[in-house]
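Summary of structural features
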Amino acid sequence: MSLKQLIHNCKKQDIKAQEQLYRLYANKLFAVCLKYSNSYQQAEDNLQDGFMTIFEKIKQYQDKGSFEGWMKRIMINTTLQKYRKQSVFDIVNEEDLKEPEVEIDEEIVSVDYLMEIIQELPDRYRQVFNLYAMDGYSHKEISEMLKITTGTSKSNLARARIILKEKVEAIQLKLAAHS
Amino acid sequence: MEEKKHIDRLYQEKFKDFEATPREAVWKNISTRLQQKDRNRKIIPLWYRIAGVAAVFALFFNFAIDLFKTPGSIPATAATTINKEGPKDLSIASASYNQNMFRSSLVLSALIQETKNLKAKEEALSAQNTENKIRNVSFVNIIKAPELIGSDNDAYTFSDYNSIALQNAEPREEEQPQDIELKPDFPAITLANEDVEDDVAVKNISKRMSVSTTAAPIMYDRPGSGSAIDAQFANNRSSSDVTMAYGVNFAYQISERIKVRSGISKVDFSYNTNDIAFTAAVNPVALSGVDYQGEVPNYRIENRSVRQFSNISASSEFNRASLASPTSGFINQRLGFIEVPLEIEYIIVDKKIGFNIIGGASTMFLDENMVSLNSSNFSTNLGEANNINNVSFTTNVGLGLDYNFSSQFQLNLEPIFKYQINAFNNSSGDMNPYYFGIYSGFSFKF
């Protein structure tokens, strides 16, 4: 069955088509949820809610643009809504805005660890870092999505980078000391 | 191999093809929620249909009672028989109305309970699903000794994620890090705002139709001079009994602020001409406004303020009888109409409590028409009024107050004023009746 046919059947609330769509995209979309959530369990909840929204809104999907991109947008929005009521930090330090470089031994630092430290970030920092560094949104777009100023977006990004860099360097030191 | 990298680049590269398989329980929860939604969608329309049928039956029962009355069953003559049971005819009619309203309200309260039960079940099920998730899954502590990874490929292995894609990760061709093009997949639009607007738009369009039942106590009056019964009563004191109207309305929301509605209802008026006196008489004079069914009853009905009796000189036995002291009482006119309104609701507030302005017109079809002579312990039908138009109109204006129990179910309270045009064809006088009702009822939106 083609993707177009699958989408058409999902619009008719055909449960078999919905399951097939889930099986096809769950892995990729779960990865998105993991990056944006603060725990594995939260990520599972967000994946469920996100798919429920996808199945509801699929009636409005117009076959324009990438379907996977459309689903990913919904998933990101679902996770963002969970943390909408968080407070935001507004103090901007110009020096912090530079993108820090980190000395990295890629053989040591695994994706597992990178995932863990990104989930440990405060929610706002994690969201901004994901949206900017990994999903390519601009600060203007991020400010509209998160209802913050672009200044706040930049400072959140800067702080996220600093924390991640410090943790990456720390684990490398630790692992180097053990070996 | 150590190198300097920007932290962004590090994450981009590591997560480029990252995938993870969720537990099977996630799909089970999704499918349960989908099936529950599907079931709810099928059950609720069924209840709307039952509500519609119940409302139609309630109306039908009322009409059926009238249909089963055979014409001429009420004796209009017999001057000597005094109907001691008095206003029994009137009370039977209102008792049946009350009975029908009671039946309708029983059906409606059963529907309300069922809707509440369905909602409670859905909430209980979703709460249960949240609890059923395994709580003990935690992020595995990955600060451990590094695994030796071969240098001939760039695949990354995971200890905790069942990653299918990464097992098949393609080796990277370029040595230098490149700008990873992530953006083209995702159009640069304002997502948060767009979704909010979508939700608002969908909310407005989704439930446009509604059906509602109404019941109202009615206050009726005919200001102006004149009397529909007879010219001699033009200046008599008049009064009106509070009667009931009830019916079914259908509404369609054509825009965010405007609803058009129509329906059908039965409305009754009971209007009294007071301060009349009557006595048994051999040669009664017919009232000009009454169409007697059969013989004119042997009553002399006159305005009590007119003291004519004392001037009559009795020349015979029969005439002497007319000197008997008159009984005071009132003439009651009972009118029943089938009303078909066409109204517009202008919505001012549309939240949990809603407020709107109502305006429009109704067509009134005469259904019931009865004039009776009454005193404190006596009542007899005289006939029908002969000057009421079979079809007349009203102009309506009112306010509406709604309480939204849910997005589909609403309680309405609407005081509406209706001014009746061309009610009478050639009445003795210049009267324009109006009536005021406080319409209350329930609405279902779908």
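Located above this text is the structure these notes cover.
Residues numbered from 1 in each chain as written. Chains lettered and ligands numbered in written order. Predicted model: local features only at pLDDT ≥ 70, side-chain atom pairs only at ≥ 80, totals over all residues. Heavy atoms only, no water.

1. Notes on the overall build of chain B
Looking only at helices and strands, chain B has six helices and 15 strands in total. Counting all 446 residues of chain B, 39% fall into the buried class. Pairs at least 24 apart in sequence give 76% of the contacts found in chain B among residues at least 6 apart. Here chain B displays about 24600 Å² of accessible surface, and carbon together with sulfur accounts for 57% of that area. (Helix = DSSP H or I, 4+ residues; strand = E, 2+ residues; numbered from the N terminus. Buried < 20%, exposed > 50% of the residue type's maximum accessible area, 1.4 Å probe, protein only. Contact = heavy atoms within 4.5 Å. Areas by Shrake-Rupley, 256 points an atom, 1.4 Å probe, with all protein chains shown as cover.)

2. Details of the environment of Ile118(A)
With respect to the element layout, Ile118(A) can be found in helix α5 (residues 111-120). Put simply, Ile118(A) and Phe129(A) are eleven residues apart on the chain and 8.8 Å apart in space, counted from C-alpha to C-alpha. Setting aside residues up to four positions removed in sequence, Ile118(A) forms contacts with Lys35(A), Arg126(A), Phe129(A), Asn130(A), Met134(A), Leu164(A) and Tyr11(B).

3. A look at unusual backbone geometry
Residues and elements named next belong to chain A. The phi angle at Gln13 is positive, at roughly 65 degrees, despite the residue not being glycine. Here Gln13 lies in the loop between α1 (3-11) and α2 (15-36). For Lys147, which is not a glycine, the phi torsion comes out positive at approximately 60 degrees. Taking the relative accessible area as the measure of exposure, Lys147 reaches 51% and is therefore exposed.

4. Regarding helix α6 (residues 123-134) of chain A
Because each turn of an α-helix spans 3.6 residues, side chains separated by three or four positions end up pointing in the same direction. Taking 1.5 Å per residue as the helical rise, α6(A) with its twelve residues ought to reach 16 Å, and the 15 Å between its terminal C-alpha atoms agrees with that figure. Within α6(A), eleven of the twelve residues are buried, leaving the element largely enclosed by the surrounding structure. Of the residues making up α6(A), those classed as buried are Asp123(A), Arg124(A), Tyr125(A), Arg126(A), Gln127(A), Val128(A), Phe129(A), Asn130(A), Leu131(A), Ala133(A) and Met134(A). Residues of α6(A) that are buried sit in contact with α2, α4 (67-82), α5, α7 (139-146) and α8 (150-178) of chain A together with α1 (7-14) of chain B. With its phi angle positive at about 75 degrees, Gly136(A) sits one or two positions after the end of α6(A). (Expected span 1.5 Å × (residues − 1).)

5. Considering the pairing of strand β10 (residues 353-375) of chain B
Residue and element names in this part refer to chain B. As defined by bridge partners, strand β9 (residues 327-350) adjoins β10 across 20 bridges and the pair is classed as antiparallel. What sits directly across from Gly336, in β10, is Glu368. Connecting β9 to the antiparallel partner β10 that follows it, the hairpin turn spans two residues. Here β10 pairs with strand β11 (residues 378-385) via five bridges, running antiparallel. Within the sheet, the bridge partner assigned to Asn374 lies in β11 and is Ser379. (Pairing = 2+ DSSP bridges.)

6. Brief notes about the packing of α5(A) against α8(A)
Residues and elements named next belong to chain A. In the contact formed by α5 and α8, the axes pass within 10 Å of each other and the chain directions differ by 140 degrees. Judged on the interaxial angle alone, α8 and α5 are oblique. α8 is crossed by α5, and the crossing has right-handed handedness. Here Tyr113, Leu114, Ile117, Ile118 and Glu120 of α5 come into contact with α8, specifically with Leu164, Lys167, Val168 and Ile171. When its residues are assigned to classes, the contact of α5 with α8 shows seven nonpolar, no polar and two charged. (Axes fitted to C-alpha atoms, helices over the stretch in contact; angles between N-to-C directions. Parallel < 35°, antiparallel > 145°, perpendicular 65-115°, else oblique. Left-handed = near helix turned anticlockwise from the far one by under 90°. Nonpolar A, V, L, I, M, F, W, Y, C, P; charged D, E, K, R; others polar.)

7. Digging into empty space enclosed by the protein
Residues and elements named next belong to chain B. With the rule as written, the count across this model stands at six cavities of 30 Å³ or more. There is about 140 Å³ of room inside the largest cavity. When residues of the lining of the largest cavity are traced back to their parent elements, those giving at least two are β2 (209-221), β5 (243-253), β6 (258-280), β13 (409-421) and β15 (434-445). In terms of residue count, the dominant contributor to the lining of the largest cavity is β15 (four residues). When its residues are assigned to classes, the lining of the largest cavity shows three nonpolar, ten polar and five charged. (1 Å grid on protein atoms, 1.4 Å probe; cavity = no way out; pocket = protein on both sides within 12 Å on 5 of 7 lines; lining within 4 Å. Points joined across faces, edges and corners; volume = space filled by probe spheres on them.)

8. Focus: the pattern of salt bridges
Under the counting rule described, the total for this entry stands at 24 salt bridges over all chains. For Arg23(A), the salt bridge identified is with Glu19(A), shortest N-O distance 2.9 Å. Within this pair, Arg23(A) and its partner Glu19(A) are both found in helix α2, separated by four residues, close to a single helical turn. Take Arg23(A): its relative accessible area is 40%, and that puts it in the partly exposed class. Here Glu19(A) falls in the partly exposed class, since its relative accessible area comes to 29%. For Glu368(B), the salt bridge goes to Lys266(B), with nearest N and O atoms at 3.7 Å. Here Lys266(B) lies in strand β6 and Glu368(B) lies in strand β10, a separation of 102 residues in the sequence. Using a relative accessible area of 13% as the deciding quantity, one classes Glu368(B) as buried. Linked by salt bridges that have partners in common, Lys266(B), Asp268(B), Arg334(B), Asp367(B) and Glu368(B) make up one network. (Salt bridge = Lys/Arg side-chain N within 4 Å of Asp/Glu carboxyl O.)

9. A few points about α1(A)
Residues and elements named next belong to chain A. For α1, the set of buried residues is Leu6, Ile7, Asn9 and Cys10. One side of α1 holds all its buried residues, which, seen down the axis, span an arc of 160 degrees. If you follow the buried residues of α1, they end up packed against α2 and α4. Count one or two residues on from α1 and you reach Gln13, which has phi positive near 65 degrees. (Arc of directions from axis to C-beta.)

10. Brief notes about the packing of α6(A) against α8(A)
All names here are of chain A. With their axes 8 Å apart at the nearest point, α6 and α8 run at an angle of 95 degrees to one another. Considering their axes alone, α6 and α8 lie roughly perpendicular with respect to each other. Listed contacts from α8 to Arg124, Tyr125, Val128, Phe129 and Tyr132 of α6 are Ser153, Asn156, Leu157, Arg159, Ala160, Arg161, Ile163 and Leu164.

11. Focus on the pairing of β13(B)
Residues and elements named next belong to chain B. As defined by bridge partners, strand β12 (residues 391-404) adjoins β13 across ten bridges and the pair is classed as antiparallel. Among the inter-strand pairings, Asp402 is bridged to a residue of β13, identified as Asn412. If you look at the hairpin formed by β12 and β13, you'll find four residues sitting between the two strands. Both β13 and β15 contribute to a ladder of eleven bridges, which runs antiparallel. Paired with Phe409 across the bridge in β15 is Phe444.

Just geometry here; none of it tells us what the structure is for.
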